[in-house]
Amino acid sequence: VEHYESRSEKQAALLAPTVHAVLRDAEVKPSQLELIGVTTGPGSFTGIRIGLAFARGLALALDRPLASRTTFDAVSDGLPAELRDPTRQLIAAIDSKREEMFIRVDGQPPLMAAPDQAVAGLPGGRYGLIGDGAPELMLAFTRLGRQKECAVLSSEPPRASAFAAVLASQGVEAWRERN
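Rules of the game
Residues numbered from 1 in each chain as written. Predicted model: local features only at pLDDT ≥ 70, side-chain atom pairs only at ≥ 80, totals over all residues. Heavy atoms only, no water. Helix = DSSP H or I, 4+ residues; strand = E, 2+ residues; numbered from the N terminus. Rg over C-alpha atoms; globule rule 2.2 N^0.38 Å. Buried < 20%, exposed > 50% of the residue type's maximum accessible area, 1.4 Å probe, protein only. Contact = heavy atoms within 4.5 Å. Areas by Shrake-Rupley, 256 points an atom, 1.4 Å probe, with all protein chains shown as cover. Lys, Arg positive; Asp, Glu negative; His and termini not counted. Charge placed at Lys NZ, Arg CZ, Asp CG, Glu CD. Pairing = 2+ DSSP bridges. Axes fitted to C-alpha atoms, helices over the stretch in contact; angles between N-to-C directions. Expected span 1.5 Å × (residues − 1). Arc of directions from axis to C-beta.

J.: I'm lost on the overall build of the chain in this one. Help?
T.: Looking only at helices and strands, one finds seven helices and seven strands in the chain. Starting at the N terminus, the α and β elements of the chain follow one another as α-β-α-β-α-β-β-β-α-β-α-β-α-α. At 18 Å, the chain has a C-alpha radius of gyration in line with the 16 Å of a compact globule built from 179 residues. Overall size of the chain, expressed as C-alpha extent along the three principal axes, is 55 × 35 × 30 Å. When each of the 179 residues of the chain is scored for burial, the buried share is 33%. Of all intrachain contacts in the chain linking residues separated by at least 6 positions in sequence, the fraction that spans at least 24 positions is 60%. For the chain, the accessible area works out to roughly 10400 Å², and carbon and sulfur atoms hold 54% of it. Side chains of the chain give 20 positive and 22 negative charges; the mean places of these two sets differ by 2 Å.

In structure tokens form, the structure reads like this:
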């Protein structure tokens with residue numbers, strides 16, 4: 001069971017009832033959870049803080065390990081294998097709801113930049129764009145005459161189902177050892 005909420009208002013008030021509803025719909029009791037997973041961002045500063053605090057509190061209350069992945073990893077986790085192209089370097093672009101976006105090029109530190117600025121700083125190459133900011137980043141490539149260098153592979157926001165599957169595949173015991 002998965003729930004996606006795009007609004008940024010009342011995050012703190014909505015989180016606990018939403019988690020309760022998802023668990024109810026999945027017919028899972030909190031005591032049955034083996035691992036608590038959370039994203040560490042980037043994203044809305046307030047949203048990330050609320051999510052981290054809630055996850056930490058839940059993990060402590062249930063005496064369960066807490067695992068995390070970045071939002072970039074969550075977007076990448078959701079990319080189907082058939083869309084992965086080893087000849088293209090992945091660029092994860094996360095919409096920040098501002099003029100700049102969160103961007104991570106494979107193997108490089110993440111940055112926050114305006115799309116045109118980010119593309120102008122990239123060397124020539126072949127790129128696969130992923131994340132909900134991918135269409136806007138594609139427009140920047142086009143504006144700079146570099147549209148042949150890239151393709152939008154996915155414009156999906158981070159999906160909890162992909163994120164959870166990766167955390168679970170690494171094994172609860174591995175996460176316990178880290179705590």
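After that view of the structure, there is still more to cover.
J.: I keep staring at the sheet that holds strand β5 (residues 111-113) and nothing clicks. Help me out?
T.: Adjacent strands of a sheet pair through backbone hydrogen bonds, lying either parallel or antiparallel. Taking strand neighbours across the sheet as the criterion, the five strands line up as β5-β4-β3-β6-β7 in an open arrangement whose pairing is mixed. A strand with exactly one partner marks an edge of an open sheet, and here the two such strands are β5 and β7 (150-152). Sheet twist, expressed as the mean angle between neighbouring strand axes with direction ignored, is 30°. Here four bridges tie strand β3 (residues 89-95) to strand β6 (residues 127-130), and the two strands are oriented parallel to one another. Within β6, the residue paired with A92 across the bridge is I130. This element, helix α5 (residues 134-143), spans β3, β4 (101-105), β6 and β7 of the sheet and lies at about 145° to β6.

J.: Is there a simple way to think about the environment of V38 in this case?
T.: By the element assignment, V38 lies in strand β1 (residues 36-39). Since its relative accessible area comes to 9%, V38 is described here as buried. Taking the C-alpha atoms as reference points, V38 and L52, separated by 14 residues in sequence, lie 6.5 Å from one another. In this view, V38 contacts G51, L52, A55, L66, A67, S68, R69 and F163; residues no more than four positions away in its chain are not counted.

J.: Honestly, helix α2 (residues 45-62) in this entry has me stumped. Any pointers?
T.: Residues spaced three or four apart along an α-helix point in a common direction, a consequence of the helix completing one turn every 3.6 residues. In this model, α2 (18 residues) spans 26 Å end to end at C-alpha, consistent with the 26 Å of a helix rising 1.5 Å per residue. All buried positions along α2 are accounted for by I48, A55, A59 and L62. The arc that holds every buried residue of α2, seen down its axis, measures 85°, which confines them to one face. Of the exposed residues in α2, those oriented more than 90 degrees away from the buried face are F45, R49, A53, L60 and A61. Each element contacted by the buried residues of α2 is listed here: β1 and β2 (66-69).

J.: Sorry if this is basic, but what is going on with the pairing of β4 here?
T.: Regular strands place side chains that alternate from one sheet face to the opposite one. The element β4 is extensively covered by neighbouring structure, given that four of its five residues are classed as buried. When β3 meets β4, the two strands line up antiparallel, connected through five bridges. Residue pairing across strands places A93 opposite I103, the latter belonging to β4. The turn joining β3 and β4, which pair antiparallel and follow one another in sequence, is formed by five residues; a positive phi near 65° is taken by K97. Direction of pairing for β4 relative to β5: antiparallel, over a ladder of three bridges. Across the sheet, residue I103 finds its bridge partner in β5, namely L111. Connecting β4 to the next strand, β5, in antiparallel fashion are five residues, including G107 with a positive phi near 80°.

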